[in-house]
Each structure stands twice: as structure tokens, then as C-alpha cells.
Amino acid sequence: MVSSRCIGIGMALFFGGWCVAQVIPGQGVQKRIKFPEYDRTKGRITSLLTGDQAIPQRNGTVLVKGARLETYKYDGEQRKVDLIMEAPTCFFEFRTRVASSSGPMRVFRADGGAVLEGRGFSWRQNPSYLVISNNVRTITKQGFSLNE
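Residues numbered from 1 in each chain as written. Predicted model: local features only at pLDDT ≥ 70, side-chain atom pairs only at ≥ 80, totals over all residues. Heavy atoms only, no water.

(A) Examining the pattern of salt bridges more closely. Enumeration according to the criterion identifies nine salt bridges in this entry. Residue E86 is joined to R68 by a salt bridge in which the shortest nitrogen-to-oxygen separation is 2.9 Å. Pair noted here: E86 is in strand β4 (residues 78–93) and R68 is in strand β3 (residues 62–75), with a separation of 18 residues, a long-range link. For E86, a relative accessible area of 30% gives the class partly exposed. For R68, a relative accessible area of 28% translates into the label partly exposed. In this structure, the salt-bridge partner of E117 is R137, at a minimum N-O distance of 3.6 Å. A residue pair is termed long-range when its members are at least 10 positions apart, and E117 in strand β6 (residues 114–124) and R137 in strand β7 (residues 129–140) qualify at 20 residues. Salt bridges linked by common partners bring R68, E70 and E86 together as one network. (Salt bridge = Lys/Arg side-chain N within 4 Å of Asp/Glu carboxyl O. Helix = DSSP H or I, 4+ residues; strand = E, 2+ residues; numbered from the N terminus. Buried < 20%, exposed > 50% of the residue type's maximum accessible area, 1.4 Å probe, protein only.)

Structure (C-alpha cells):
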């Protein structure tokens, strides 16, 4: 049986993440923003999109400047950064949880094992799915496999 404390923690994670990620059109520029994605069955954060600035757009997306996305894997209860993606700008759509850009981007493993660079990308937070559109360049020492 699930304790009321576990339910309370789960609800706090869900609503806390939802509140952090709210950028309302007409609200103006927000600084140091965070858009988390959670595995709702385990209550764990799976990815986090951060940015230096978030500027609401008329079409409902948010322009994120200084974008950085981290994905996580877990060793027991310990969270570890797995992949890091950086882009000067991207658009984030709340409804679909997709970040995209036609500009330059870079993604790399936290352990330094591999780097991908390119122009244009689309990242779907759930499931973690990345498409790099153009001028893709790969440098690998260990590769991108999650199986170690």
C-alpha cells in the first residue's frame, strides 16, 4: 500500500515541476527558466531543459535563449547526467513538450565519450527522442550507447 507521504511527495513533484515550467504569454521575459520532464510512474526527473531567458511567443511557444538540456540515468536512487545538449536558442512547445531550432546545436555525453554537432534539431522530452537535421558531425570515443 502506498503511504500518504509518498502520494504527497509525488504530487509535490508533479505540481512543482508544472509550476516551474509555466511561462504565460504577455508575461514578458523570464530569466533562468527550467522545464523538467518526469517519469510519472517512478517520480523521477528524466530530463531538464534550462535557459538563460524565456520569451513567450504569440503562437504559444516559448523562445529559450541559452538553452541547455540534460537527460538523466539512475544508478539505484542516484541521478547521473547522461547527455547534455546546448543551443544558442530554441523554441519550446508546452503542449507537445518539444524543443526545436533551425540553428546550431551540440550534444555530448557527460563522461566526454562522444559529441554530436549540427544545425537544426527537434527534441521530444517524452520519450527522449532527438533528430538533428543538417551538417551533422560526430566525434566518438565510446559512442552514445546507454549500455555500458
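That covers the picture; the talk isn't over yet.
(B) Fine view of the sheet that holds β6. Across the sheet, which stays open at both edges, the seven strands sit in the order β1-β2-β3-β4-β5-β6-β7 with antiparallel pairing between neighbours. Two strands lie at the open edges of the sheet, namely β1 (30–39) and β7, each paired on one side alone. Recorded for the sheet is a direction-independent mean angle of 20° between the axes of neighbouring strands. In this sheet, strand β5 (residues 98–109) lies alongside β4 in antiparallel orientation, the contact comprising seven bridges. Across the sheet, L83 pairs through a bridge with R109, a residue of β5. (Pairing = 2+ DSSP bridges. Axes fitted to C-alpha atoms, helices over the stretch in contact; angles between N-to-C directions.)

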